[in-house]
Every structure is written in C-alpha cells, then in structure tokens.
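An overview of the molecular structure
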Amino acid sequence: MTAATQPTKTKPVRKTKRCKNPACKKPFTTSNVKREYCTTECQQALNAAKRKSKLVNDGSRSAFFYWVVKECKRAGTYDILDGHTPESIAELNLVYKQAFRVNQYGDVDHFQMSHIAAVKGKNTLGLLHAENLVISPTSLNKAHGVKHYGSGKYISRTSIDPRHSVDKDEPDGTVLDRVIAYLGEDVVAAAVKLANIKPTDRQKDLAWLRDNLDATNPEHVVHIDAIETMKGKQLEELRAELEHRLVREFGIKRTVHSTFGVLRLELERHAKYRPELKELSDRLLAVSESRGPRESWDVQEDEEQALFDLLHGRDVADMQDVLEVLILRNTRTPEVDVNVYDTPDGLERIGDYMPINIPLWAIRTDNIGHTYTATAPY
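For clarity, every value in this text was computed on a predicted model and none was experimentally measured.

Ranked by size, the top nonpolar core spans 42 residues in total, and within it Phe 64, Trp 67 and Val 179 carry the most contacts. Broken down by secondary-structure element, the contributors of at least two residues to this core are helix H2 (63–75), helix H3 (86–102), strand S3 (111–115), strand S5 (133–137), helix H5 (172–183) and helix H6 (185–195). Setting aside its immediate chain neighbours within four residues, Val 179 contacts Val 68, Val 69, Cys 72, Tyr 78 and Leu 81. Core analysis: the next-biggest nonpolar cluster, separate from the first, contains 20 residues, Ile 116, Leu 263, Leu 280 and Ile 327 among them.

Below, the structure is given as structure tokens:
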C-alpha cells in the first residue's frame, strides 16, 4: 500500500506597501493583498477626514453660509463670528430659516434680521449670533437705526483684530474660505451635521454650470459671466436647457405672517436668553391658544413698537402698561358660573365678575355702583 502524499504548505507571500492615508504614508508589511492601511486606526482617521471634508463642502455650498459671507462683508470684519460653537451656529441657522419663511421664501421683504447690539455701534460690535438678532418688521428696523437699549451679544470695538478685516469687493468664494478658516473646519463640519445644512439647489446648479460651460463654445461664453448673478430659477432653466430636459414647477404653500405674530414668536425665542421675558411670553401664548389659530389679534401700532423695543433690550417694566392693555383687550372672558341672588326690589341681580390679573387702573365703578373694566388707561 502506498502512503498518501501530504500537500506541501507554502507560506503566504508578504509584501511591503505604503499606507494609503495621506497623513501617514508609512511603509508596512502584509500578506493581505487587499489591505491598504497600516492600522485600523489609520483607516478610521482617513474615513473621518473624508466625512469632515464632505460636511464642510456641503456647508460651503449652502445659502446659509453665503448669507454669513454677506453679513461679514457688510460688517467689514470676521469678528462678528466671535465665540461661535457648533450649537450656536445651528441656532443661527434656525433664525435664518425662520426669516426666510416669514418673507414667503424670498418673495417679499416684510421682515429683516434686526441687531439688538448694532454692527455699526459707536463703541461696540454686534455679533452675528441668534441671541443678538430679532426678526423684525422692515419699517421698524429701519427706524430703529443703531440704538442700543442693552442686552444682545457684542464685543468692544477695541477688540476688533485688523487681520480679520473684510473688503466689500472681495469675491464671495474668498470670503467664504476665510469664514471657514475663522470658525475652524471642525466647528463648521459639526455645525453642518448638527443643523443638517444642505447645499441649495441654486448652489448645486451653479456648481454644475461652472463645470459644464465650455469657454471655447460661443453659445456657452455668453452665460459664463452671467451665471454668477442669476437667480435660482434662471440657473435651473439654463441647466435644464443644456441638459435638454424640461423644468418641473412645484407650488410652494405660502402663509402671510402678521407683524405681531412674528414678534410674539421672537419673544418666546428670546425668553431663553432673558428669563425676565418668560412671564410675558407665557401670558401672550396663553391668550393666543385661547383665541384659536385663525382668530387675529387686535393690536395697535404703539403695542407693536413696545414689543419691538422690549426685544431690543428695553426693560419689561418700561413696556408693562402698554402690553397689559394689549393682553386685556385680546383676552376672552372665561365662561363662569354666576351667582344669581334676590334683591329687595324682587329683581334678580348677577354678581359682578372680576377678571384675573386686571391692573388697578382698569377697575372702575360707574355712578350707580356697578364695577366694570376699562380697555385703556386714563
């Protein structure tokens, strides 16, 4: 009987490779032909760097960051971004989106981002933070100017670093790169992820056109310079024309927002920065809920002005009387059980009802002894 031949075991061939992580590139030896990194940690670090790069790239093509660029150019300095964290950038993005929404997605300019501490303040520089911005009626904002009653977020003008100055004629792309460098790529990437900031359709269409317009094609040349100033719909139509496809139009549901409604929501938002606003915010919310979603408020111009001033730093005590009248006039009289009692003349009388939290000036008595409430002070 012939003994079976045992197969010969061969050692796997080990080869020297160089790590594919650009930050490493160290040589390593492996027998695994598919292995490209010296360690698992090196591969994870490269993947994390790729994710961060994608997030920063998404942010750099978003409408939000181009708005930040515009604000830096208007202020003349990147120092308006002082002290930002991923969380504060996410808050600022929410305010930006709300302002866009109440202006019916760019169709109107009824509201503006008003600074509590002005960018052009005499001794201070108002910062581009949610805490320092109020979505306000355009007319009230323009009339307000650079007045500063207090509150907000700002730094001394002596703290402005000349190295952070911005020229209004600098290209937006250059300013955007410096904005990202000022904030730090780690902060920008974390903010984009936290706030789910996405490239806008305009920026995506613009990027596509930049890549696909051919400077040697006479039909394309006329568009190359024009695309930088085109609006989103124009860019979409031009791209559609070049791609030989039709543009589909989708209607957007738009809601007309009242001045008071926007200011009341801003009061609710600012109450987390200024606790003294919370009681008034809660009372206005309670009245709003009792009136129903479709019932409009009866608001006078001086009351809107008082709410605007309050949001811009005025003390609650200074605005109390005006806003008490607003609350009283718009408060529904609650349904209550009344006490019917007999009187000497045999007629039934209904006991006087006194609303809760009525200021003393509103309680009056007529010449026959009946108590009632007034809708305006003496």
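A word on the side chain of Thr 77. Examined against the element boundaries, Thr 77 turns out to sit in the loop between H2 and H3. The buried category is assigned to Thr 77, whose relative accessible area is 4%. Separated by 3.0 Å, the side chain of Thr 77 and the backbone nitrogen of Asp 79 make a polar contact. Excluding its chain neighbours within four sequence positions, the residues that come into contact with Thr 77 are Cys 72, Leu 125, Ile 160, His 164, Ser 165 and Val 166.

For the rest of this paragraph, the subject is unusual backbone geometry. A positive phi angle, close to 60°, is found at Lys 25, a residue other than glycine. Inspection of the secondary structure assignment puts Lys 25 in the loop between strand S1 (15–18) and strand S2 (27–30). With phi around 55°, Asn 196 is a residue other than glycine that occupies positive phi space. By secondary structure assignment, the location of Asn 196 is in the loop between H6 and helix H7 (201–212).

Attention now goes to the confidence of the model for the protein chain. For the protein chain, per-residue confidence averages 84 on the pLDDT scale, and residues scoring 70 or more make up 83% of the total. Counting interchain partners and residues more than four positions distant, the pLDDT-below-50 stretch residues 348–356 has 20 contacts.

We now examine the packing of aromatic side chains. If you walk through the whole model with that rule in mind, you get 6 aromatic pairs. Here the aromatic rings of Phe 64 and Tyr 96 are separated by 5.8 Å at their centres, their planes lie at 65°, and the arrangement is edge-to-face. Taken as a pair, Phe 64 in helix H2 and Tyr 96 in helix H3 lie far apart in primary sequence, 32 residues in all. A relative accessible area of 17% places Tyr 96 in the buried class. One aromatic cluster is present, formed by Phe 64, Phe 65, Trp 67 and Tyr 96 through successive ring pairs. Lying across the ring of Trp 297, Arg 291 places its NZ or CZ 5.8 Å from the centre. Across from the ring centre of Tyr 149, 5.1 Å away, lies the NZ or CZ of Arg 314, which sits over that ring.

Definitions and limits used
- Residues numbered from 1 in each chain as written.
- Predicted model: local features only at pLDDT ≥ 70, side-chain atom pairs only at ≥ 80, totals over all residues.
- Heavy atoms only, no water.
- Core = buried A, V, L, I, M, F, W, Y, C linked by side-chain atoms within 4.5 Å.
- Buried < 20%, exposed > 50% of the residue type's maximum accessible area, 1.4 Å probe, protein only.
- Helix = DSSP H or I, 4+ residues; strand = E, 2+ residues; numbered from the N terminus.
- Contact = heavy atoms within 4.5 Å.
- Polar contact = N/O pair within 3.5 Å; in protein donor to acceptor, adjacent residues only side chain to side chain.
- pLDDT = per-residue confidence, 0-100.
- Phe/Tyr/Trp six-rings, centres within 6.5 Å; stacked < 30°, edge-to-face > 60°.
- Lys NZ or Arg CZ within 6 Å of the ring centre and 35° of its normal.

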